[in-house]
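A look at the structure
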Amino acid sequence: MTGVDPDQARRLLERELAKQDYSGAHVTWWDRASRSFLDWLGSLRPDGLGSEGFGRTVLVIAVVVLVAVVVLVVVARGLPRRRARLAAEGPGGVFDGDDQRSAATIAAAARAALAAGDLDRAVLEGYRALARGLGERDLVPDVPGATARAIAVRASTPFPALADAVHTAATTFDRVRYLDEHADDAAARQVLETTRAVQDARPTRVDGPVVPA
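Summary of the structure given here. (Residues numbered from 1 in each chain as written. Predicted model: local features only at pLDDT ≥ 70, side-chain atom pairs only at ≥ 80, totals over all residues. Heavy atoms only, no water.)

Now for the overall build of the chain. For the chain, the count of helices and strands is eight helices and zero strands. The order of helices and strands in the chain, counted from the N terminus, is α-α-α-α-α-α-α-α. The burial tally for the chain puts 38% of its 213 residues in the buried class. Pairs at least 24 apart in sequence give 76% of the contacts found in the chain among residues at least 6 apart. (Helix = DSSP H or I, 4+ residues; strand = E, 2+ residues; numbered from the N terminus. Buried < 20%, exposed > 50% of the residue type's maximum accessible area, 1.4 Å probe, protein only. Contact = heavy atoms within 4.5 Å.)

Mapped onto the elements, Gln100 comes out in the loop between helix H3 (52-89) and helix H4 (103-115). Sequence spacing of Gln100 and Arg132 is 32 residues, and the spatial spacing of their C-alpha atoms is 9.2 Å.

Before going further, it helps to spend a moment on the environment of Arg202. Position of Arg202 relative to the elements: it lies in the segment after helix H8 (185-200). On the basis of relative accessibility, which here comes to 80%, the residue Arg202 falls in the exposed class. Taking the C-alpha atoms as reference points, Arg202 and Phe159, separated by 43 residues in sequence, lie 7.9 Å from one another. Every residue in contact with Arg202, bar those within four places of it in the chain, is listed here: Pro158 and Phe159.

Another point: the environment of Arg154. Of note, Arg154 is situated in helix H6 (residues 148-155). Under the relative-accessibility criterion, Arg154 is labelled partly exposed at 27%. Put simply, Arg154 and Leu134 are 20 residues apart on the chain and 9.9 Å apart in space, counted from C-alpha to C-alpha.

If you look at the biggest cluster of nonpolar residues, it comprises 33 residues, and the most contacted ones within it are Val94, Tyr127, Leu134, Ile151, Val166, Phe173 and Val198. For this core, the secondary structure elements donating two or more residues are H4, helix H5 (119-136), H6, helix H7 (163-178) and H8. The element contributing the most residues to this core is H5, with eight residues. Ignoring any residue separated from it by four or fewer positions in sequence, one finds Phe173 in contact with Val94, Val123, Leu124, Tyr127, Arg128, Ala148 and Tyr178. (Core = buried A, V, L, I, M, F, W, Y, C linked by side-chain atoms within 4.5 Å.)

Attention shifts here to H5. Every α-helical turn comprises 3.6 residues, leaving residues that sit three or four positions apart pointing alike. With 18 residues, H5 should cover 26 Å at 1.5 Å per step; its first-to-last C-alpha distance of 25 Å lies within 8% of that length. Counting buried residues in H5 gives 16 out of 18 residues, a clear majority hidden from the surface. Just beyond H5, the residue with positive phi is Asp138, at close to 60°. (Expected span 1.5 Å × (residues − 1).)

In this section: the packing of H5 against H6. Closest axis-to-axis distance for the H5/H6 pair is 11 Å, and the angle between their directions is 50°. By the angle between their directions, the pair H5 and H6 is classed as oblique. The two elements H5 and H6 meet at a crossing, and its hand is left-handed. Side by side, H5 and H6 meet where Tyr127, Ala131 and Leu134 of the first sit next to Ala148, Ile151, Ala152 and Ala155 of the second. Here the contact of H5 with H6 is composed, by residue class, of seven nonpolar, no polar and no charged. (Axes fitted to C-alpha atoms, helices over the stretch in contact; angles between N-to-C directions. Parallel < 35°, antiparallel > 145°, perpendicular 65-115°, else oblique. Left-handed = near helix turned anticlockwise from the far one by under 90°. Nonpolar A, V, L, I, M, F, W, Y, C, P; charged D, E, K, R; others polar.)

Dropping the structure here:
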């Protein structure tokens, strides 16, 4: 194994962190922790640890930790960048292209997911059941590519009293599907309860179907 002294290891990590991919990130607690590790690594000298064997052992450990730090930095920096890119691109449609299930079928899948503790799936299926139910009642047609927020905006016309709840459910849907966030139990139940409330509510009279933008 080719030896890498602490100064070389420090320079390797500094060059990695100086790359353009990381230049736009804000300083975080991880940045401070990495800097503290670099300072400690630079202070190590094998000849000051009492014996050559002990010094080499510490150096090997330091190099292993260095590799782990680089991996964690890449992961920690990459996920926020991916989220930012998805947010910039904007959310897509509520349904996958080949999803032709009925509102009742989707709602049953949402309830089953909630019972199984799969909260993310419960959110996604719950809001899809809401959207498909609006379409089946000719209130908001199933327009291909319609976003969760657009459906919420249009649903507020026939259901003004439920507008805030539907908007909250739409926001939860987008966060789970497009920002890789995880729903908690309260958020999942809010989506399913809103879906049931819309299903049971009598719509305000409108002149015709409201087409989402």
